[in-house]
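The lines below spell out each chain.
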Amino acid sequence: MGELANVPVEDLMGELMRRMRCAAKPEKRLILIGPPGSGKGTQSPIIEENYCLCHLATGDILRAAVAAKTPLGIQAKEAMDKGELVSDDLVVGIIDEAIKKPACDKGFVLDGFPRTVVQAEKLDAMLESQGNKIDKVLNFGIADAILEERITGRWIHPASGRSYHAKFAPPKVSGVDDVTGEPLIQRKDDNAAVLKSRLEAFHRQTEPVIDYYEKRKVVSNLHAEKPPSQVTEEVHSVLSA
Ligand code: AP5
């Protein structure tokens, strides 16, 4: 929890109300797993807000590093452009550092991590050393055939990670972010050719992670082909059970 002194006066009441609401929420440590375009990034901010968790999206963190040309970004760029996974060591390092931050004290929503069984094992070891564990894995089940239209129509606001869709979730004004009015962009890997590699990586390397957590009896299956508001309802019923 940050210092209240840093909160602008006009936002103070809202921030105090948020802190009171959040103080009553139980801790939750969640993983969202699903293929590219299945809706993880769409549902994450809603879960983050409703359950007072921190949202850690390895894809967003890596894209920011690529844009800033940091050593991490330089190492990650080639694999990302091809739709392949970056090395386990790079992303495990990112998450290890991020989950220790005070913003994640009440728990987290991991979006896009773990994506290999090695990452899952390392995550479990990190949490065990803190006396914590994963409470729930939300599996965004959806057929591959639906994903191309979702991916090629997606527009994002890079600074916030807000995501729109030309057909399914258009911004109020075409091409600009609803909140800031800044321009929206399309991701370099959001085209049909790179999507093919991303899906291959998902089926070969990430689906085994679902089996890994099935054995620990923490997986809940969602019908991610439904409209966004219905997926949100499914998420809510799983998390309040
Ligand atoms: P990452 O950024 O994680 O991409 P991804 O997993 O491929 O997921 P997406 O962001 O494409 O999809 P999403 O499920 O969030 O969909 P969204 O909600 O936006 O990873 C990118 C790259 O980084 C990887 O390829 C890899 O190289 C690297 N990387 C990241 N993490 C890594 C890791 N752990 N290990 C190794 N490498 C890693 O929805 C898509 C569109 O559909 C949007 O336009 C949205 O508006 C629309 N939409 C959403 N829900 C619905 C709905 N229910 N109905 C209709 N439209 C919908």
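Residues numbered from 1 in each chain as written. Predicted model: local features only at pLDDT ≥ 70, side-chain atom pairs only at ≥ 80, totals over all residues. Heavy atoms only, no water.

The name an unreviewed UniProt entry gives the protein chain is adenylate kinase, with Selaginella moellendorffii as the organism. UniProt annotates the protein chain under Sequence similarities (unreviewed entry) with the comment "Belongs to the adenylate kinase family." In the Catalytic activity (unreviewed entry) part of its UniProt record, the protein chain is described as follows: "AMP + ATP = 2 ADP". (UniProt positions renumbered as here; feature names shortened; annotations may be inferred.)

Asker: Looking at this structure, how should I read the sheet that holds strand β2 (residues 54-57)?
Answerer: Neighbouring strands of a sheet are bound in pairs by backbone hydrogen bonds; such pairs are parallel or else antiparallel. With parallel pairing, 5 strands are arranged side by side in an open sheet as β2-β3-β1-β4-β7. Among the strands making up the open sheet, the edge pair consists of β2 and β7 (219-223). Each strand axis lies, on average, 20° off the axis of its neighbour in the sheet, ignoring direction. In this sheet, strand β3 (residues 107-111) lies alongside strand β1 (residues 28-33) in parallel orientation, the contact comprising 5 bridges. (Pairing = 2+ DSSP bridges. Helix = DSSP H or I, 4+ residues; strand = E, 2+ residues; numbered from the N terminus. Axes fitted to C-alpha atoms, helices over the stretch in contact; angles between N-to-C directions.)

Asker: I keep staring at the environment of Thr-206 and nothing clicks. Help me out?
Answerer: Here Thr-206 lies in helix α8 (residues 192-214). Residue Thr-206 is classed as buried on the basis of its relative accessible area of 4%. Considered as a pair, Thr-206 and Phe-113 are 93 residues apart in the sequence and their alpha carbons are 9.3 Å apart. Residue contacts for Thr-206: discarding those within four places in its chain leaves Ile-33, Pro-114, Arg-115 and Ala-201. (Buried < 20%, exposed > 50% of the residue type's maximum accessible area, 1.4 Å probe, protein only. Contact = heavy atoms within 4.5 Å.)

Asker: Teacher, can you tell me more about the state of the cysteines here?
Answerer: Under the criterion given, the structure shown has 2 disulfides. With its sulfur 2.0 Å from that of its partner, Cys-22 forms a disulfide with Cys-52. Judged by the torsion about the S-S bond (-75°), the Cys-22/Cys-52 disulfide is left-handed. Here Cys-22, found in helix α1 (residues 12-23), pairs with Cys-52, found in the loop between α2 (40-51) and β2; they are 30 residues apart in sequence, far enough to count as distant. According to the relative accessible area criterion, Cys-52 is buried, its value standing at 10%. The partner cysteine of Cys-54 in its disulfide is Cys-104, sulfur to sulfur 2.1 Å. Here Cys-54 and Cys-104 share a disulfide; its torsion about the S-S bond, 105°, makes the bridge right-handed. Taken together, the residues Cys-54 in strand β2 and Cys-104 in the loop between α5 (88-98) and β3 connect sequence positions 50 residues apart. For the residue pair Cys-54 and Cys-104, the accessibility class agrees, reading buried in each case. Counting its disulfide-bonded cysteines in sequence order, the protein chain shows a connectivity of 1-2, 3-4. (Disulfide = S-S within 2.5 Å.)

Asker: Can you walk me through α5 in this structure?
Answerer: An α-helical segment advances 3.6 residues per turn. Residues three or four places apart therefore align on the same side. The set of residues buried in α5 consists of Leu-90, Val-91, Val-92, Ile-94, Ile-95 and Ala-98. Elements that come into contact with the buried residues of α5 comprise β2, α3 (58-67), α4 (71-82), β3 and α6 (117-129).

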